[in-house]
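# Close look at the chain arrangement
Spelled out, the chains give:
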Amino acid sequence: MATEHDEYMGSLKAQLAKLFEVSLKVTVPNELDVEPLVAACNGKFGDYQCNNAMGLWSKIKGKGAPFRGPPAVGEAIKNNLPSSEMIESCSVAGPGFVNVVLSKNWMAKSIQKMLIEGIDTWAPLPPVKTAVVDFSSPNIAKEMHVGHLRSTIIGDTLARMLEFSKVKVLRRNHVGDWGTQFGMLIEFLFEKFPNFEDATETAIGDLQAFYKASKQRFDADPAFKERAQQAVVRLQGGEDKYRRAWAQICQISRTEFHKVYQRLGVHLEEKGESFYNPYIPGVIEALNKQGLVEESQGARVIFIEGINIPLIVVKSDGGFNYASTDLAALWYRLNEEKAEWIIYVTDVGQQQHFDMFFKAAKRAGWLPQGDSSYPKASHVGFGLVLGEDGKRFRTRNTEVVRLVDLLDEAKVRSKAALIERGKGEEWTEEEIESTAEAVSYGAVKYADLKNNRLTNYTFNFDQMLNDKGNTAVYLLYAHARICSIIRRSGKDIEELKNKGTLVLGHKDERDLGLHLLQFAEVVEEACTNLLPNVLCDYLYNLSEIFSKFYSNPECKVIGSDMETSRLLLCEATAVVMRKCFDLLGIAPIYKI
Ligand code: ARG
């Protein structure tokens, strides 16, 4: 059946899987929907392997199938494989592994085709049409801490990878802009700045400090507490003055958040908690009608199998909470926005919240049972950012790390490193600035993304700004070096793409070519498992494999007979590296 996805080739693995699917249908016609198990292997027998024979044998043996054992099943799978330009040879090994050696010519042609048509032709097949990535999501009037920085960086990368896979991504900033805390803050600010709700310039200053002060006041002064509670009622009742004051506060925080996003080059669309507020009563009522909502100690709750505390959806005072909002937001995303995959990026500390409310959504039939079908909700948890002392990351004088300060410091250090390398004389001030920015912000992002997100990671400027090892600096420089090889050749690379021919004659060239072609399946894996570090590993390996090729005297580039082909291979490496940087939200540099 033709689908709209047919125009994409899909990854190497996906292309091979299609061929094996055909073979499996012929080999075991009575077994329905056998999923081809294809994996890359860097063994001496081949580049890829099909591992279906053993499992199939245990299913069909004794059922009169014409095979004598798994190796025979493997042979049949091999023999029934449709002929394809992409396969050089095929062999069966051990208990029935079918090994595939890819054709060098086909590989070379595919790379050259990509150079001409652009790397978007290598995008993996989209898992869904529309996804929500709920990320960053700081809270109004509170600090945007390093946890939010991680969420911003990880969420942006996941969104970029899905977008590359032709998924329509709704990048949602689920800011905490609603709740009883606004009553005390508004009341406090009215005392300090009468009519601040109408001010055109927001000269309020440090909202966080006022937030803390208002909290202290709330706890210490019963009369103030009374007024603050009244303020909540007036705000939630929609009283104009209070609405405007609230909007003003949100705007101040938003401006602060925006500074960080702008620096990081991250785009988000705000739909804060307040947006879903009007939907909550209807959603809870629907769940209630389904018989899911029960009374417990004055609150309205949903019980979840296997978890001994229930999910509170209406507090005992009748108010709504974080979970009620999240249920309404999920409902909205599924039904109004028609999202098929909803991804939430927060620290692992919130895992139980997500686990519980996903299970509640499954009980309600909003999501299918199990985790392999869509629509799907996924929580992308991440660990803590630690300081040098192994404790939660803090700076010397303040309790929390201001994100803007952090980015500033990284930039100052990168700039100093460039000056030290003598770039001060060579480059314009502008070039130094933009390079320092690309390197430093890239370094902060990469240091976060390269780790498995679930582990805690230690924030260390010296490490992340090192130009050796698995760092953004090393990778950005590696890319710039490739660009300089191409420049030094004096050749017009655009012309070579069409007129020249790429061949993968030497083993190091073939290894590099294979790794390049595996890009799509790596993005696919990173997307499926929501693990950006998979892409980082790929990128680091790419630069290592390139180094091996480039430093091999047998693979001399400039001035050799194979110059054109090798320049094209350099260009392909640079193109794939740039796409990796792009997906990781890192700006490339072209010279060092
Ligand atoms: N504002 C929350 C926090 O700072 C994160 C919100 C995450 N998104 C969600 N839909 N719950 O922890």
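Calculation rules
- Residues numbered from 1 in each chain as written.
- Predicted model: local features only at pLDDT ≥ 70, side-chain atom pairs only at ≥ 80, totals over all residues.
- Heavy atoms only, no water.
- Helix = DSSP H or I, 4+ residues; strand = E, 2+ residues; numbered from the N terminus.
- Buried < 20%, exposed > 50% of the residue type's maximum accessible area, 1.4 Å probe, protein only.
- Contact = heavy atoms within 4.5 Å.
- Arc of directions from axis to C-beta.
- Pairing = 2+ DSSP bridges.
- Axes fitted to C-alpha atoms, helices over the stretch in contact; angles between N-to-C directions.
- UniProt positions renumbered as here; feature names shortened; annotations may be inferred.
- Near = heavy atom within 4 Å.
- Polar contact = N/O pair within 3.5 Å; in protein donor to acceptor, adjacent residues only side chain to side chain.
- Areas by Shrake-Rupley, 256 points an atom, 1.4 Å probe, with all protein chains shown as cover.
- Nonpolar A, V, L, I, M, F, W, Y, C, P; charged D, E, K, R; others polar.
- Phe/Tyr/Trp six-rings, centres within 6.5 Å; stacked < 30°, edge-to-face > 60°.
- Parallel < 35°, antiparallel > 145°, perpendicular 65-115°, else oblique.
- Left-handed = near helix turned anticlockwise from the far one by under 90°.
- Disulfide = S-S within 2.5 Å.

## Concerning the overall build of the chain
Counting its secondary structure elements, the chain contains 23 helices and 14 strands. A principal-axis box enclosing the C-alpha atoms of the chain has dimensions of 85 × 75 × 40 Å. For the chain, the residues scored as buried account for 53% of the 592 residues in total. Considering only residue pairs separated by 6 or more positions, the chain has 73% of its internal contacts joining residues 24 or more positions apart.

## Quick word on helix α11 (residues 280-289)
Taken as a whole, α11 has its buried residues at Ile280, Val283, Ile284 and Leu287. End-on view of α11: buried residues confined to an arc of 95°, all on one side of the axis.

## A short note on the sheet that holds strand β2 (residues 48-50)
Ordered by their spatial adjacency, four strands build an open sheet running β1-β2-β4-β3, and the pairing between neighbours is antiparallel. One side of each edge strand has no neighbouring strand; the edge strands of this open sheet are β1 (38-40) and β3 (87-93). Averaged over all neighbouring strand pairs, the angle between strand axes comes to 25°, with direction disregarded. With three bridges connecting them, β1 and β2 associate as antiparallel partners. Directly across from valine 38, in β2, lies its bridge partner cysteine 50.

## Considering the UniProt feature "domain: DALR anticodon binding" (unreviewed entry) in the chain
Mapped onto the present numbering, the UniProt feature "domain: DALR anticodon binding" (unreviewed entry) falls on residues 475-592. Taken end to end, residues 475-592 is 72% helix and 0% strand, and its first and last C-alpha atoms sit 12 Å apart.

## Considering the site of the ligand
In the vicinity of the ligand, the contacting residues are Asp134, Ser137, Asn139, His148, His174, Tyr322, Asp326, Tyr344, Thr346, Gln350 and Phe354. Histidine 148 is positioned such that a nitrogen or oxygen atom in its side chain is 2.8 Å from an oxygen atom of the ligand. Contact with the protein chains removes 90% of the 350 Å² of surface that the ligand exposes when unbound. Broken down by class, the residue content of the shell around the ligand amounts to three nonpolar, six polar and two charged.

## Notes on the packing of aromatic side chains
Working definition: an aromatic ring pair is given by the centre-to-centre distance plus the angle between the planes. By the definition in use, this model includes 26 aromatic pairs. Note on phenylalanine 188 and phenylalanine 224: the rings are 6.4 Å apart at their centroids and 90° apart in plane angle, and the pair reads as edge-to-face. Within this pair, whereas phenylalanine 188 is found in helix α6 (residues 181-192), its partner phenylalanine 224 is found in helix α8 (residues 222-236), the two being separated by 36 residues in sequence. Looking at phenylalanine 224, the relative accessible area reads 0%, which means it is buried. Their ring planes at 35° and their centres at 6.2 Å tell us that tyrosine 279 and tryptophan 331 sit as a pair that is tilted.

## Considering the pairing of strand β11 (residues 341-347)
β11 sits mainly inside the fold: six of its seven residues count as buried. Pairing geometry for strand β5 (residues 130-134) and β11, over four bridges, is parallel. Bridge pairing links valine 132 to isoleucine 342 in β11.

## Quick look at unusual backbone geometry
The step from tyrosine 374 to proline 375 runs through a cis peptide bond, and the omega angle for that step is 0°. Among the structural elements, proline 375 can be located in the loop between α13 (351-363) and β12 (376-382). One non-glycine residue, serine 137, lies in positive phi territory at about 45°.

## Points about the packing of helix α4 (residues 104-117) against helix α20 (residues 507-517)
At a minimum axis distance of 10 Å, the contact between α4 and α20 shows a crossing angle of 55°. With respect to each other, α4 and α20 are oriented oblique. Here the hand of the crossing between α4 and α20 comes out left-handed. Residues Lys104, Trp106, Met107, Ser110 and Ile111 of α4 touch α20, and the partners they reach there are Arg510, Gly513, Leu514, Leu516 and Leu517.

## Digging into the state of the cysteines
Counted according to the given criterion, the structure contains zero disulfides. Not engaged in a disulfide, the cysteine cysteine 555 finds its nearest cysteine sulfur in cysteine 570; these two sulfurs lie 10 Å apart. Classification of cysteine 555 as buried rests on a relative accessible area of 0%. Sulfur of cysteine 580: no disulfide; nearest cysteine sulfur belongs to cysteine 536 and is 8.7 Å away.

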